[in-house]
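Coordinate analysis (summary)
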Amino acid sequence: MGFTNELTDVASSEKITGVSVYPNPTNNQLTISTGDEKLDDIEIYNVLGQLVKEFNPQGASKFNANIHNLSSGIYFVKIFTKNWNQKGQQQQKIIKLIIR
């Protein structure tokens, strides 16, 4: 059984390219790389929709998130960039994350 690491723009459901989240599955550290885009905020939610971790990468295009204190399970990483779409909405990406 497998899954994809494909990121999707929440507002338009169009595929976003140039963003990498790895390794996935992981257990201690997660790297988020956006190429040319600047990261604004990273939020990690459990399957109940509760915010369990938040990071502020301060405009970096690559960020290493320490997640060693999260229990094994499925989480969702919500990535905010400093870019805004034509509707005035901040660009967001969501990816499913598995922690072993």
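First, a word on what this report is: a plain description of the structure on this page. (Residues numbered from 1 in each chain as written. Predicted model: local features only at pLDDT ≥ 70, side-chain atom pairs only at ≥ 80, totals over all residues. Heavy atoms only, no water.)

This part takes up the side chain of Thr34. Among the structural elements, Thr34 can be located in the loop between β3 (29-33) and β4 (39-46). A relative accessible area of 3% places Thr34 in the buried class. Polar side-chain contacts of Thr34 include one of 2.4 Å to the backbone oxygen of Glu37. Residues in contact with Thr34, not counting those within four places in the same chain, are Gly18, Val19, Leu39, Ala60 and Ser61. (Helix = DSSP H or I, 4+ residues; strand = E, 2+ residues; numbered from the N terminus. Buried < 20%, exposed > 50% of the residue type's maximum accessible area, 1.4 Å probe, protein only. Polar contact = N/O pair within 3.5 Å; in protein donor to acceptor, adjacent residues only side chain to side chain. Contact = heavy atoms within 4.5 Å.)

Let us look at the packing of aromatic side chains. Enumeration according to the criterion identifies 1 aromatic pair in this entry. For the ring pair Phe55 and Phe63, a centre distance of 5.7 Å and an interplane angle of 55 degrees mean the geometry is tilted. Residue class for Phe55 comes out buried when judged on its relative accessible area of 13%. Exposure remark for Phe63: the relative accessible area of 18% places this residue in the buried category. (Phe/Tyr/Trp six-rings, centres within 6.5 Å; stacked < 30°, edge-to-face > 60°.)

Here we take up the sheet that holds β3. Spatial strand order, β2-β3-β6: 3 strands in an open sheet with antiparallel pairing. Edge positions in the open sheet fall to β2 (20-22) and β6 (62-66), since each of these has one partner strand only. Looking at each pair of strands side by side, their axes are set apart by 15 degrees on average, direction ignored. In this sheet, β6 lies alongside β3 in antiparallel orientation, the contact comprising 5 bridges. Residue pairing in the sheet places Gln29 in a bridge with Asn66 of β6. (Pairing = 2+ DSSP bridges. Axes fitted to C-alpha atoms, helices over the stretch in contact; angles between N-to-C directions.)

The next subject is a nonpolar patch on the surface. Side chains of Val47, Leu48, Ile74, Phe76 and Ile94 sit close together on the surface and give an oily, nonpolar patch of about 450 Å² of accessible area. Positionally, Leu48 belongs in the loop between β4 and β5 (51-55). Residue class for Leu48 comes out exposed when judged on its relative accessible area of 67%. (Patch = residues over 30% accessible without salt bridge, like charges linked within 9 Å, V, L, I, M, F, W, Y side chains within 5 Å. Areas by Shrake-Rupley, 256 points an atom, 1.4 Å probe, with all protein chains shown as cover. Salt bridge = Lys/Arg side-chain N within 4 Å of Asp/Glu carboxyl O.)

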